[in-house]
Amino acid sequence: MAPADETSANVNRIILEAVRGKQLLAADELWEIQEHVANAWYNLSREQRIPGELVGTPWRGRVLQPNDMLPTDVVHYLKHVVVRQEWPLGMTFGGYRESLRGVICDPASGLMTSIYRDKGCHLSIVRRSGELQGPGGYEWLLVEYRVSTGNIATAFQLEDGLGYLDRPGRREKRWLRRPR
């Protein structure tokens, strides 16, 4: 088995080739991409200041205050699962992580490459939310992988549906596989 850095470099190379116009990837290349992204979690060494909408939210025995810093994946969980209720009520942090892994590895998920704003090459993975749609959720769910960092950049349910992918700032879009 290839070392993690070599595997990551190979997957990122495949994604970049797709952005540059390689029309068709083999099934094993698509699976390699999905498996890599499923294991490439948010940058866990990075903390961020919580957004205002999380102030007052309970987390691990305390109530979040302005200027609190939390790991990026926790911020996304609290924002999209707890506060906005995009996922089913009662979804745990671990359940959220597993749900994203399931979406990423699902053969029904669509995979699209693009250049997004000043953030560089992204791989967008989209699937119908289905059983993951909570009371504040939407029909489609997105997991976005940023090639430059080798991490998941975000994951949330799309209020605009797949039209979200047509917003300004996203260019050179190429579907590697359309969602089914």
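Residues numbered from 1 in each chain as written. Predicted model: local features only at pLDDT ≥ 70, side-chain atom pairs only at ≥ 80, totals over all residues. Heavy atoms only, no water.

Some details on the overall build of the protein
Next, step 1: Scanning the protein for helices and strands turns up four helices and nine strands.
Next, step 2: When the elements of the protein are put in sequence order from the N terminus, they spell out α-α-β-β-β-β-α-α-β-β-β-β-β.
Next, step 3: Radius of gyration (C-alpha) of the protein: 16 Å, near the 16 Å computed for a compact globule of 180 residues.
Next, step 4: The C-alpha extent of the protein, read off along each of the three principal axes, is 50 × 35 × 30 Å.
Next, step 5: Burial analysis of the protein (180 residues in total) assigns 48% to the buried set.
Next, step 6: Taking contacts inside the protein between residues at least 6 apart in sequence as the whole, the part at least 24 apart equals 57%.
Next, step 7: In the structure as shown, the protein presents an accessible area of about 9000 Å², 51% of it carried by carbon and sulfur atoms.
Next, step 8: The distance from the centre of the 24 positive side-chain charges to the centre of the 22 negative ones in the protein is 4 Å. (Helix = DSSP H or I, 4+ residues; strand = E, 2+ residues; numbered from the N terminus. Rg over C-alpha atoms; globule rule 2.2 N^0.38 Å. Buried < 20%, exposed > 50% of the residue type's maximum accessible area, 1.4 Å probe, protein only. Contact = heavy atoms within 4.5 Å. Areas by Shrake-Rupley, 256 points an atom, 1.4 Å probe, with all protein chains shown as cover. Lys, Arg positive; Asp, Glu negative; His and termini not counted. Charge placed at Lys NZ, Arg CZ, Asp CG, Glu CD.)

Some points on the nonpolar core
Next, step 1: If you look at the biggest cluster of nonpolar residues, it comprises 44 residues, and the most contacted ones within it are Ile33, Tyr96, Leu100, Leu123 and Val143.
Next, step 2: Among the secondary structure elements, those contributing two or more residues to this core are helix 1 (4–19), helix 2 (27–39), helix 3 (72–83), helix 4 (93–105), strand 5 (110–116), strand 6 (121–128), strand 7 (140–146) and strand 8 (151–158).
Next, step 3: Considering every element that reaches this core, the biggest residue donor is helix 4, with six residues.
Next, step 4: For Tyr96, the contacting residues outside a window of four places in its chain are Tyr42, Asp73, His76, Tyr77, Val81, Trp87, Met91 and Ala155.
Next, step 5: Core analysis: the second largest hydrophobic core is formed by nine residues, Phe156, Leu158, Tyr164 and Leu165 among them. (Core = buried A, V, L, I, M, F, W, Y, C linked by side-chain atoms within 4.5 Å.)

Some points on helix 3
Next, step 1: Under the 1.5 Å per step criterion, the end-to-end length of helix 3 is 15 Å for 12 residues, consistent within 8% with the ideal 16 Å.
Next, step 2: For helix 3, the buried fraction is high: nine of the 12 residues fall into the buried class.
Next, step 3: Buried within helix 3 we find Thr72, Asp73, Val74, Val75, His76, Tyr77, Leu78, His80 and Val81.
Next, step 4: A positive phi of about 55° marks Gln85, the residue just after helix 3. (Expected span 1.5 Å × (residues − 1).)

Looking at the side chain of Gln157
Next, step 1: Relative to the helices and strands, Gln157 is located in strand 8.
Next, step 2: Residue Gln157 is classed as buried on the basis of its relative accessible area of 2%.
Next, step 3: In terms of polar contacts, Gln157 uses its side chain to reach the backbone carbonyl oxygen of Glu86, at 2.8 Å.
Next, step 4: Separated by 3.0 Å, the side chain of Gln157 and the backbone oxygen of Leu132 make a polar contact. (Polar contact = N/O pair within 3.5 Å; in protein donor to acceptor, adjacent residues only side chain to side chain.)

Quick look at unusual backbone geometry
Peptide bonds are, in most cases, trans, and in most cases residues other than glycine have a negative phi.
Next, step 1: In this model, Gln85 sits at a positive phi of 55°, which is unusual for a non-glycine residue.
Next, step 2: You will see that Glu172, though not glycine, has its phi angle at about 50°, which is positive.
Next, step 3: For Glu172, the location among the structural elements is in strand 9 (residues 170–177).

Fair warning: the whole summary comes from geometry, so function is off the table for now.
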